Amino acid sequence: MQNPETRLPEGSVPEEILQQWEKRGVSRRSFLKFCSAMTATLALPVTMMGRVAQALEADSSPPLIWLEFQDCAGDSEAFLRANQPTAAEIILDYLSVDYHETIMAAAGHQAEAAKHQTIEKYKGKYLVVVEGSIPMADGGVYCTVGGDSALNIARQVCGNAAATIAVGSCATFGGIPAATPNPTGAVSVREAVPGATVINLPGCPVNVQNLTATIVHYLTFGRLPATDQLARPKFAYGKRIHDNCERRSHFDAGQYAETFGDPGHRQGWCLYKLGCKGPETFHNCPTVRYNEGSSWPIQAGHGCLGCSEPQFWDAMTPFYRRLPQVPGFGVESTADKIGLGLIAATGVAFAAHAVASSFRKGDKLEADQVVKED
Amino acid sequence: MLEIRYVWELPVRVSHWVNAVCVLVLSVTGFYIGNPFYPASDTAAYIMGWNRFIHFTFAYLFLASLIVRFYWFLFGNHHSSWRMFFPWATKSGRKAAITFFRYYTFTGPKLPYEVGHNPLAAMAYAGVYSLFVLQLVTGFAIYGQFQPDGFWFGIFGTLLTWIDVQTLRLVHHLTMWLLGGFFINHFYSAWLMDVKEMNGVMSSIFSGYKFVERDDL
Ligand code: HEM
Ligand code: HEM
Ligand code: SF4
């Protein structure tokens, strides 16, 4: 039992933990910053910060396998290119990343062997991060690694993992490879390996802060965070961009940028009329932002593309118009042009009918009842 | 002898005019929401805010009015029953619908005699009530996004992922124009029938009464 005199105030981080991280080259300031950022991102009370820090100290750190399929490596880039000293660094330091094609030193058979070893040794205990979609067409021939198809690898690796974290829009919803006409039959991890425990962190790319927070949540509580109907963690995808956007007051006022570079755009007005998809996108970009909180698309003056919503490449286009195209009509016809055309045509047709009807004789039903006035 | 009959009961008339006002207000505010053409003078303005607030307030009023009318489909007189909207279900209904259609298209000389809805109008109303429901569903589905654990999200949340929000918005937007097209048709036909049937149909939607010649029935 701890002596009550020396018990730390709630939420503080024990001295030994800070010293240990200092020895690994992470200053106490950075580590505390990291712990508080994670606690805040997960929407946990400040008093949980100590618990978060301690979770990173327990020496049962699970091994991690990072798989890449049909992707652009953007999620790996996001993970590795963040500023110094980073959230990612702390997590990389802490977890043992046993397999990551882009950063591992091993290659060829050696690397494959290491992966198999991890799967065998830590069956049901290791974590997997998947980046990229999985092609199903033609027996999965469109993406193979080390001679095996992405589908087989995903089934084997994700099927035996404690949990799979699908990162980026490709792994979560099929992303750009799955956009119409989807020649490779690309699907998400959840569709390819239906039995696995999968959490979805969509985004193009994933926000590193959300990935690390998900891992930290898993380490702290031993389970994945609560998710929505698309298996996205609620702490990161529980609010609409539009409802937390810094330009929202301009939206409500009625101040909109009409074109890029116009006076409204330069004054930071709302990007609604430039096709912003913030009103239909759930993500914490406005609060967490990208690249260590420095900026995010709308802050930089570009409307949201809705990249973290399912099939965004098909559903959210045209990116610079608010509404999708009306099927069967030309590129230039907007819903309003078609609507006005409909109204005009109806108006003309009924006007013509009215003229014709007023010349019509002998069709009044009660004409026989009419009494002439004098 | 002409007699006067009480055809449209109070709930039918009240819900008709509440619906008409709601559709008008929802279309004007909805048009602004879809295309905010009117510029704000300064940041203290609240133009989109008010448009949305009015849109949502009338959305709830519209919902209430439709609930009243749907209740009356079941418990009102036979002129307001849901059965009126499916004239093709009976032989006489089909016959009257064809006579009407021929009259409208100038291929037949005479109107059939009706006390309640004329069969073509009734079919249009079946369509327009479907559009009302479509607007309610798409509207409240988009509306629910502001609170993902809330009531409307609970009801229509799955729609937002089955059919994506952009498609719902497009449908919601295009349906406004369809309702506009219906309104032109509707207003014109009400005027035409008022002139040709000479039974006071136009005033009937205010008063409830129509003039009927028993011998012609
Ligand atoms: C100046 C405006 C309007 C006038 C003069 C008017 C007139 C009428 C009349 C005379 C009827 C009864 C027709 C019959 O015998 O079948 C009627 C019914 C109806 N009207 Fe209108 N109307 C107006 C606006 C609207 C609007 C804006 C809508 C909705 C978009 C609408 C929807 C309906 C519907 C759904 C019915 C069927 C009533 C029922 O049985 O529930 N009306 N209207
Ligand atoms: C006759 C009925 C209605 C008409 C004609 C109408 C019309 C419109 C139009 C044209 C828009 C703009 C759509 C766009 O371009 O994105 C809109 C937006 C919207 N409507 Fe309606 N609407 C109707 C009923 C409703 C109802 C019943 C609701 C239920 C709450 C609703 C909720 C909304 C919402 C939430 C939006 C989007 C607002 C935003 O993004 O800020 N509407 N409506
Ligand atoms: S910029 Fe986009 S997300 Fe922000 S208030 Fe405008 S429409 Fe909404």
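Scroll up a little and you will see the structure.
For the rest of this paragraph, the subject is the interface of chain B and chain A. On the chain A side, the residues contacting the 59 residues of chain B number 51 residues. The largest contributions to the chain B side of the interface with chain A come from Gln166, Trp177 and Lys196 of chain B, which together make up 15% of the buried area. At the boundary of chain B and chain A, one finds three salt bridges. In this structure, Glu280 of chain A and Arg169 of chain B form a salt bridge, with 3.1 Å as the shortest nitrogen-oxygen distance. Summed over the shared surface of chain B and chain A, the result is 27 residue pairs in polar contact (both at pLDDT 80 or more). Every element with two or more residues in the side of chain B that touches chain A is listed here: helix H1 (10-34), helix H2 (47-75), helix H3 (91-104), helix H5 (151-162) and helix H6 (165-197) of chain B. Per-element accounting of the side of chain B that touches chain A gives the leading share, 19 residues, to H6 of chain B. When the residues that make up the side of chain B that touches chain A are grouped by side-chain class, the tally is 35 nonpolar, 14 polar and 10 charged.

This paragraph deals with the coordination of the iron atom of ligand 2. Under ideal tetrahedral coordination, the four donors around a metal are separated by 109.5 degrees; under ideal octahedral coordination, the six donors are separated by 90 or 180 degrees. Residues and elements named next belong to chain B. All of the protein donors around the iron atom of ligand 2 are His55 (NE2) and His172 (NE2); their distances to the metal are 2.0 Å. Classification of the site at the iron atom of ligand 2 as octahedral follows from its six donor atoms and the range of 86 to 179° in their angles at the metal. Of the two residues, His55 sits in helix H2 while His172 sits in helix H6, which places them 117 residues apart along the sequence. For His55, a relative accessible area of 12% translates into the label buried.

Overall, the coordinates contain 42 aromatic pairs over all chains when judged by the stated rule. With 5.5 Å between their ring centres and 80° between their planes, Trp313 of chain A and Phe319 of chain A make a pair best called edge-to-face. Where Phe62 of chain B meets Phe132 of chain B, the ring centres are 5.1 Å apart and the plane angle is 75°; that geometry is what we call edge-to-face. Of the two residues, Phe62 of chain B is situated in helix H2 and Phe132 of chain B in helix H4 (residues 119-143); the sequence distance between them amounts to 70 residues.

For sheets, the rule is that strands pair by backbone hydrogen bonds, running either parallel or antiparallel. Residue and element names in this part refer to chain A. One open sheet accounts for five strands, arranged S2-S1-S3-S7-S9; its pairing is parallel. The two strands at the open ends of the sheet, each matched to only one other strand, are strand S2 (96-100) and strand S9 (198-201). Across the sheet, the mean angle separating the axes of adjacent strands is 20° when strand polarity is ignored. One ladder, built from four bridges, connects strand S7 (residues 163-167) with S9; its direction is parallel. Pairing of Val167 across the sheet is with Leu201, part of S9.

This paragraph deals with empty space enclosed by the protein. All names here are of chain A. Counted according to the given criterion, the structure contains one cavity of 30 Å³ or more. By volume, the largest cavity is sized at about 90 Å³. For the lining of the largest cavity, the secondary-structure elements that each account for two or more residues are helix H12 (241-244) and helix H13 (248-253). Broken down by class, the residue content of the lining of the largest cavity amounts to nine nonpolar, two polar and two charged.

With that out of the way, let us pick up unusual backbone geometry. Between Thr180 of chain A and Pro181 of chain A the backbone carries a cis peptide bond, its omega angle lying at 5°. With respect to the helices and strands, Pro181 of chain A occurs in the loop between helix H8 (168-173) and strand S8 (186-187). At the junction of Thr317 of chain A and Pro318 of chain A, the peptide bond is cis and its omega measures out at -5° in the coordinates. By the secondary structure assignment, Pro318 of chain A is in the loop between helix H16 (312-315) and helix H17 (335-358). For Arg289 of chain A, which is not glycine, the phi dihedral falls at a positive 60°. Turning to its location among the elements, Arg289 of chain A is positioned in the loop between helix H15 (285-288) and H16. Overall, Arg289 of chain A belongs to the partly exposed group, its relative accessible area being 25%. The phi angle at Met198 of chain B is positive, at roughly 55°, despite the residue not being glycine. Position of Met198 of chain B relative to the elements: it lies in the loop between H6 and helix H7 (201-207). Look at Met198 of chain B and you get partly exposed, because its relative accessible area is 26%.

What counts, and at which threshold
Residues numbered from 1 in each chain as written. Chains lettered and ligands numbered in written order. Predicted model: local features only at pLDDT ≥ 70, side-chain atom pairs only at ≥ 80, totals over all residues. Heavy atoms only, no water. Contact = heavy atoms within 4.5 Å. Buried area = accessible area lost by both parts, 1.4 Å probe. Salt bridge = Lys/Arg side-chain N within 4 Å of Asp/Glu carboxyl O. Polar contact = N/O pair within 3.5 Å; in protein donor to acceptor, adjacent residues only side chain to side chain. Helix = DSSP H or I, 4+ residues; strand = E, 2+ residues; numbered from the N terminus. Nonpolar A, V, L, I, M, F, W, Y, C, P; charged D, E, K, R; others polar. Donors = N, O, S within 2.8 Å, 3.2 Å for Na, K, Ca; no water. Tetrahedral: all angles 85-135°; square planar, octahedral: opposite > 155°, others 65-115°. Buried < 20%, exposed > 50% of the residue type's maximum accessible area, 1.4 Å probe, protein only. Phe/Tyr/Trp six-rings, centres within 6.5 Å; stacked < 30°, edge-to-face > 60°. Pairing = 2+ DSSP bridges. Axes fitted to C-alpha atoms, helices over the stretch in contact; angles between N-to-C directions. 1 Å grid on protein atoms, 1.4 Å probe; cavity = no way out; pocket = protein on both sides within 12 Å on 5 of 7 lines; lining within 4 Å. Points joined across faces, edges and corners; volume = space filled by probe spheres on them.

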